[in-house]
Amino acid sequence: MTSPKPIPLEEQIILQGSSTDRFSRSKILFGEYYQKIANARVLILGTGGVGGFVLDALYRTGISHITIVDKDCFEVSNQNRQIGSERIGEPKVRVLEQLYEGVKGIEATLDEELIEVLGLNKPIIDFDYVVDAIDDIDAKVLVAQACKNLPYGRHISSMGSGKKINPLNIRVGNIWITHGDKFARKFRAYLKKAGFDGNFKVVFSSERAHCSLLGSFEAVTASFGLQIASEIIQDIIIRENRCLPQQQPQLEI
């Protein structure tokens, strides 16, 4: 991937000394690509242990056009891994709207009706990236079908982040080549049954499960979310770089 064009040193000094711009460090890192990143429109479906950290990373990077969808309220058992889970009994999207000013929350179940409302089944959708951080496989299939025609990398789906303890086993690839992830294998079976023949990016772990029940560890679930956020930022830079005029090579004399 082409690295961002660096900001001139004098501008970096000004940014580093500024206490009024909370995105100054992002601007220094991403340089000429920062504005494209800031203008990206992201839909996050599911705001639990994975989706919450996708939201946090993208929001802190500077993306302000974020819509989140979740039907659940926070429970005591969420407190080992989910941002905002101290607010037990409150709807997740309402809590996160308060924590992340400007984020739009939709408290609803992901079904065909909501797919229609969000416009995911339209030829041109209102989002640059769709993040599927849902646990329900039937809902994940609906999202995959609706986003089938999106360019590869603009629909990213989280696989099984529970029961794992080592984030170094996290991998990124397309849905058809995952390995060691029982959730992904089950998801593929549902996709095939639905007649789905598309392709999309997934984040998964090849680590074996360490328990049979629903155990989870924030170091892994959060890392799934952070990896998804990184994939989005990298994809924006790659796509933007392809649109930039290429400099002609200089001949040595």
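Every value quoted in this text rests on a predicted model; they were computed, and no experiment measured them. (Residues numbered from 1 in each chain as written. Predicted model: local features only at pLDDT ≥ 70, side-chain atom pairs only at ≥ 80, totals over all residues. Heavy atoms only, no water.)

The next point concerns the overall build of the chain. Counting its regular elements, the chain contains nine helices and seven strands. Burial statistics for the chain: of 253 residues in total, 50% are counted as buried. Across the chain, every contact between residues at least 6 apart in sequence was considered, and the portion connecting residues at least 24 apart equals 72%. For the chain, the accessible surface area stands at approximately 13,700 Å², while carbon and sulfur atoms represent 51% of it. (Helix = DSSP H or I, 4+ residues; strand = E, 2+ residues; numbered from the N terminus. Buried < 20%, exposed > 50% of the residue type's maximum accessible area, 1.4 Å probe, protein only. Contact = heavy atoms within 4.5 Å. Areas by Shrake-Rupley, 256 points an atom, 1.4 Å probe, with all protein chains shown as cover.)

This brings us to the packing of aromatic side chains. Tallied over the full model, the rule gives three aromatic pairs. Ring centres of Y59 and Y100 lie 5.1 Å apart, and the angle between their planes is 80°; this geometry places the pair in the edge-to-face category. With Y59 in helix α4 (residues 51-61) and Y100 in the loop between α5 (92-99) and β3 (104-106), this residue pair connects regions lying 41 residues apart in the sequence. Ring centres 5.8 Å apart and planes at 65° place the aromatic pair F196 and F200 in the edge-to-face group. (Phe/Tyr/Trp six-rings, centres within 6.5 Å; stacked < 30°, edge-to-face > 60°.)

What follows is about the nonpolar core. Formed by 39 residues in total, the largest nonpolar core has its most connected members in L58, I66 and I232. Those elements that place two or more of their residues in this core are α3 (34-38), β1 (41-45), α4, β2 (65-69), α5, β4 (129-132) and α9 (218-243). Top element by residues in this core is α9. It accounts for nine residues. The contacts of I232, once residues within four sequence positions are left out, are V42, L58, Y129, V131 and I156. (Core = buried A, V, L, I, M, F, W, Y, C linked by side-chain atoms within 4.5 Å.)

Turning our attention to the confidence of the model for the chain. With 88% of its residues at a pLDDT of 70 or more, the chain has an overall mean of 91. Note that residues 246-253 has pLDDT below 50 and, in this model, one contact with residues that lie over four places away or in other chains. (pLDDT = per-residue confidence, 0-100.)

Here we come to the sheet that holds strand β5 (residues 155-158). Sheet strands pair via backbone hydrogen bonds, and the direction of the pair is either parallel or antiparallel. Strand order in the open sheet formed by seven strands is β3-β2-β1-β4-β5-β7-β6, and the pairing between neighbours is mixed. Both edges of this open sheet fall to β3 and β6 (170-174), since each of them pairs with a single strand only. Pairwise comparison of adjacent strand axes, ignoring direction, gives a mean angle of 20° for this sheet. Of the strand pairs in this sheet, β1 and β2 are connected by five bridges, and their pairing is parallel. Residue pairing for β2: R41 is matched across the bridge by H65. On top of the sheet, α5 reaches β2 and β3; it is set at about 175° to β3, its chief contact. Sitting on the sheet, helix α7 (residues 137-146) touches β1, β4 and β5, and the angle it makes with β5 is about 165°. (Pairing = 2+ DSSP bridges. Axes fitted to C-alpha atoms, helices over the stretch in contact; angles between N-to-C directions.)

Two numbers describe how α7 lies on helix α8 (residues 182-193): the axes approach to 10 Å, and their chain directions differ by 60°. Regarding the angle of α7 to α8, the classification is oblique. Along this stretch, α7 crosses α8, giving a crossing that reads as right-handed. Residue-level inspection shows I137, D138, K140, V141 and A144 of α7 in contact with α8, the latter providing F183, K186, F187, Y190 and L191. Taken together, the residues of the contact of α7 with α8 sort by class into seven nonpolar, no polar and three charged. (Parallel < 35°, antiparallel > 145°, perpendicular 65-115°, else oblique. Left-handed = near helix turned anticlockwise from the far one by under 90°. Nonpolar A, V, L, I, M, F, W, Y, C, P; charged D, E, K, R; others polar.)

Neither face of β5 is exposed, since H155 and S157 on one face and I156 and S158 on the opposite face are all buried. As paired elements, β4 and β5 share three bridges and run parallel to each other. Opposite V130, over in β5, you have H155 as the bridge partner. Where the polypeptide runs from β4 across α7 and back to β5, its parallel neighbour, the crossover connection is right-handed. With three bridges connecting them, β5 and strand β7 (residues 201-205) associate as parallel partners. Bridge pairing in β7 places S158 opposite V203. (Right-handed = clockwise from strand over helix to strand, strands pointing away.)

For the rest of this paragraph, the subject is unusual backbone geometry. In this structure, K163 takes a positive phi of about 70° despite not being glycine. Relative to the assigned elements, K163 resides in the loop between β5 and β6.

Next up on the list: the pattern of salt bridges. For the structure on display, the rule yields 12 salt bridges. For K27, the salt bridge identified is with D21, shortest N-O distance 2.4 Å. Given the relative accessible area of 24%, K27 is considered partly exposed. Sharing partners across several salt bridges, the network here consists of R94, E97 and E107. (Salt bridge = Lys/Arg side-chain N within 4 Å of Asp/Glu carboxyl O.)

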